[in-house]
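As a plain string of letters, each chain reads:
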Amino acid sequence: MATKRDYYEILGVNKSASADEIKRAYRKLAMQHHPDKHGGDDTKFKEIGEAYEVLKDQQKRTAYDQFGHAGAQGNPFGGAGGPGAGGFGGFNGAEGFDFSDILNQFMGGQQQSRGPARGRDLEVAIAIDFMEAVTGVEKEISLSLDDICEHCGGNGAEPGTKLKTCPTCNGQGQVRRVQQTILGAIQQVSTCHTCDGRGQVPEKACTVCHGSGVMRRHKAITVKIPAGIDDGATMRLSGKGGAPKGGGPKGDLYVQIRVRADKRFERHGANIHSQATVAMAEAALGTEVPVETVDGSVTLKIPAGTQSGKVFKLSNHGMPDIHGRGRGDHLVIVTVETPTKLSGRQRELLEEFAAEGGKKGFFRR
Ligand SMILES: [Zn+2]
Ligand SMILES: [Zn+2]
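The model shown is predicted, which means the values in this text are computed figures rather than measured ones. (Residues numbered from 1 in each chain as written. Chains lettered and ligands numbered in written order. Predicted model: local features only at pLDDT ≥ 70, side-chain atom pairs only at ≥ 80, totals over all residues. Heavy atoms only, no water.)

1. Some remarks on the coordination of the zinc ion (ligand 2)
Surrounding the zinc ion (ligand 2) are the protein donor atoms Cys-149 (SG), Cys-152 (SG), Cys-206 (SG) and Cys-209 (SG), at 2.3 Å. Of note is the zinc ion (ligand 2), whose four donor atoms meet at the metal with angles of 101 to 115° in an arrangement that counts as tetrahedral. All donor residues of the zinc ion (ligand 2) come from one chain, and their arrangement in sequence is C-x2-C-x53-C-x2-C. Residue Cys-149 is located in the loop between strand S2 (137–148) and strand S3 (163–165), and its partner Cys-206 is located in the loop between strand S6 (200–202) and strand S7 (214–225); the two are separated by 57 residues in the primary sequence. The pair Cys-149 / Cys-206 is uniform in exposure class, with both members buried. (Donors = N, O, S within 2.8 Å, 3.2 Å for Na, K, Ca; no water. Tetrahedral: all angles 85-135°; square planar, octahedral: opposite > 155°, others 65-115°. Helix = DSSP H or I, 4+ residues; strand = E, 2+ residues; numbered from the N terminus. Buried < 20%, exposed > 50% of the residue type's maximum accessible area, 1.4 Å probe, protein only.)

2. Details of the coordination of the zinc ion (ligand 1)
Binding of the zinc ion (ligand 1) to the protein goes through Cys-166 (SG), Cys-169 (SG), Cys-192 (SG) and Cys-195 (SG), at separations of 2.2 to 2.3 Å. Taken together, the four donor atoms coordinating the zinc ion (ligand 1) and their angles of 104 to 115° define a geometry best described as tetrahedral. Written as a sequence motif, the donor residues of the zinc ion (ligand 1) are C-x2-C-x22-C-x2-C. When its relative accessible area of 0% is taken as the criterion, Cys-192 is described as buried.

3. So, the confidence of the model for the protein chain
When pLDDT is averaged along the protein chain, the result is 83; 84% of the residues meet or exceed 70. Per-element mean pLDDT across the protein chain ranges from 34 in helix H6 (residues 83–95) up to 98 in strand S14 (residues 311–314). Taken together, the stretch residues 74–114 has pLDDT below 50 and engages in 54 contacts with residues farther than four places along the chain or on a different chain. (pLDDT = per-residue confidence, 0-100. Contact = heavy atoms within 4.5 Å.)

4. What to know about the nonpolar core
Ile-225 and Ile-257 are the most contacted members of the largest nonpolar core, which totals 24 residues. Among the elements of the structure, strand S1 (122–128), helix H8 (130–135), S2, S7, strand S8 (234–237) and strand S9 (253–259) are those that each provide at least two residues to this core. When residues of this core are assigned to domains, at least three map to each of domain 2 (122–259) and domain 3 (266–363). Not counting the four nearest positions on each side in its chain, Ile-257 is found in contact with Ile-126, Ile-128, Ile-225, Ile-229, Asp-230, Asp-231, Gly-232, Ala-233 and Met-235. Core analysis: the next-biggest nonpolar cluster, separate from the first, contains 15 residues, Ile-10, Leu-11, Leu-29 and Tyr-52 among them. (Core = buried A, V, L, I, M, F, W, Y, C linked by side-chain atoms within 4.5 Å. Domains from an automatic or database assignment.)

5. Re the pattern of salt bridges
The tally for this structure, following the rule as stated, stands at 22 salt bridges. Between Arg-118 and Asp-252 there is a salt bridge, with the nearest N and O atoms lying 3.0 Å from each other. Taken together, the residues span a long stretch of sequence, with Arg-118 in the loop between helix H7 (99–111) and S1 and Asp-252 in the loop between S8 and S9 at a distance of 134 residues. On the basis of relative accessible area, Arg-118 is assigned to the partly exposed category, the value being 42%. Judged by its relative accessible area of 5%, Asp-252 is buried. Members of the salt-bridge network, linked through shared partners, are Asp-147, Glu-150, Arg-217, Lys-219 and Lys-250. (Salt bridge = Lys/Arg side-chain N within 4 Å of Asp/Glu carboxyl O.)

6. Observations concerning the pairing of strand S11 (residues 271–279)
Walk down a regular strand and you will see the side chains alternate between the two sheet faces. By the alternation rule, side chains of S11 split into Ile-272, Ser-274, Ala-276 and Val-278, which are all buried, and Asn-271, His-273, Gln-275, Thr-277 and Ala-279, of which none is buried. Two elements, strand S10 (residues 266–268) and S11, share three bridges in a ladder whose sense is antiparallel. If you follow Glu-266 over to S11, its bridge partner there is His-273. Where S10 hands over to S11, the hairpin turn is made up of two residues, of which Gly-269 adopts a positive phi near 65°. (Pairing = 2+ DSSP bridges.)

7. Notes on the sheet that holds strand S15 (residues 330–337)
Strands sit in the order S10-S11-S15-S14 across an open sheet of four strands; the sheet is mixed. Of all strands in the sheet, those with a lone pairing partner are S10 and S14, marking the two edges. Here the average twist between neighbouring strands, direction ignored, is 35°. (Axes fitted to C-alpha atoms, helices over the stretch in contact; angles between N-to-C directions.)

8. Section: the sheet that holds S1
The strand order across the open sheet formed by three strands is S1-S9-S8, and the pairing between neighbours is mixed. The sheet is open, and its two edges are formed by S1 and S8, each paired on a single side. Strand-to-strand, the axes of this sheet are offset by a mean angle of 25°, without reference to chain direction. Here S8 pairs with S9 via four bridges, running antiparallel. The residue of S9 that forms the bridge with Arg-236 is Tyr-254.

9. Observations regarding the packing of aromatic side chains
Applying the stated criterion to the full structure yields four aromatic pairs. Members of the aromatic cluster, each reached through a chain of ring pairs, are Tyr-7, Tyr-8 and Tyr-64. Taking NZ or CZ as reference, Lys-310 lies 5.6 Å from the ring centre of Phe-312, over its face. (Phe/Tyr/Trp six-rings, centres within 6.5 Å; stacked < 30°, edge-to-face > 60°. Lys NZ or Arg CZ within 6 Å of the ring centre and 35° of its normal.)

10. Overview of the layout of surface pockets
Counted as a void, the largest pocket has a volume near 580 Å³. Taken together, 21 residues make up the lining of the largest pocket; nearest its centre are Met-280, Ala-281, Ala-283, Ala-284 and Phe-353. Elements represented by at least two residues in the lining of the largest pocket include exactly helix H9 (280–285), S15 and helix H10 (344–355). A total of five residues in the lining of the largest pocket trace back to one element, the largest contributor, which is H9. Tallied by class, the residues present in the lining of the largest pocket amount to 13 nonpolar, seven polar and one charged. (1 Å grid on protein atoms, 1.4 Å probe; cavity = no way out; pocket = protein on both sides within 12 Å on 5 of 7 lines; lining within 4 Å. Points joined across faces, edges and corners; volume = space filled by probe spheres on them. Nonpolar A, V, L, I, M, F, W, Y, C, P; charged D, E, K, R; others polar.)

Laid out in structure tokens, this is it:
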């Protein structure tokens, strides 16, 4: 990474400059060095712009103050293709040091609001039949999760007793510690483990959950699976996940859907494919065959002269759209079967047929 001038130095302000002072300094310098102006300087103008871009934003400025140029330009501040981003990559590798970790901790500290954490997200997979995917189905799943303690209602205090300020974090919900890194001293903020971020602890812990506010329970949850769901799709059930310790919003439940194969049908997007076999003579003369669709049996007319591989469409017998916008089609792929065992009579007839011009060349006009 090329050595860069200090942003405060570029704008000619000191480190304690107010937002207003920075703005005024920027405007003055930008006018002075504007490239459209006589005696303007493009390089200087860009440098001023870059410095202002960082210092005008309180979050970027704080990061810059702590980490220097890397802090202001590294992910997530720099955005895609920021000049500092690439340069820092080599640095990571050489030192075995993940800058983004520190930055994330830093960001976490800045953005973390006080109060309890959110509950855990859970993930389960359930298998349904092909026909259930066509019609939609309700499934009950049983899971073991952290649920709100019924005795204390989730706050962890024995009913009739109060909560008091957490002695570890003095009600802040967070603890701060200073860590020495190669970028200098970094203040880390993490959730207080005594109160799990609540800032309060029970005077007398709940006798059922021992103050955690949660209880491990088996719970049956009904999942409404919409018609048209595809194999591998994941549904998110908001707020159906685990409860956090000490109360707070529950996590989400992610349900992955596996659709069992059906030997009659094959799904291709919105369409359903199936196979039909007709005898050689039937294909030549024309016939009707019953075709199983997800809506029941349908009669398919095979016209005279149908070739093997021909696809017939049964409109609106495919998969329903998951958002209720119509249905796909059912496509029938026809295979013409050539007889492998002939009786004496059949052989005679076919030989006669061939002699009548029913050879391969007959069809070429
Ligand atoms: Zn605490
Ligand atoms: Zn309890």
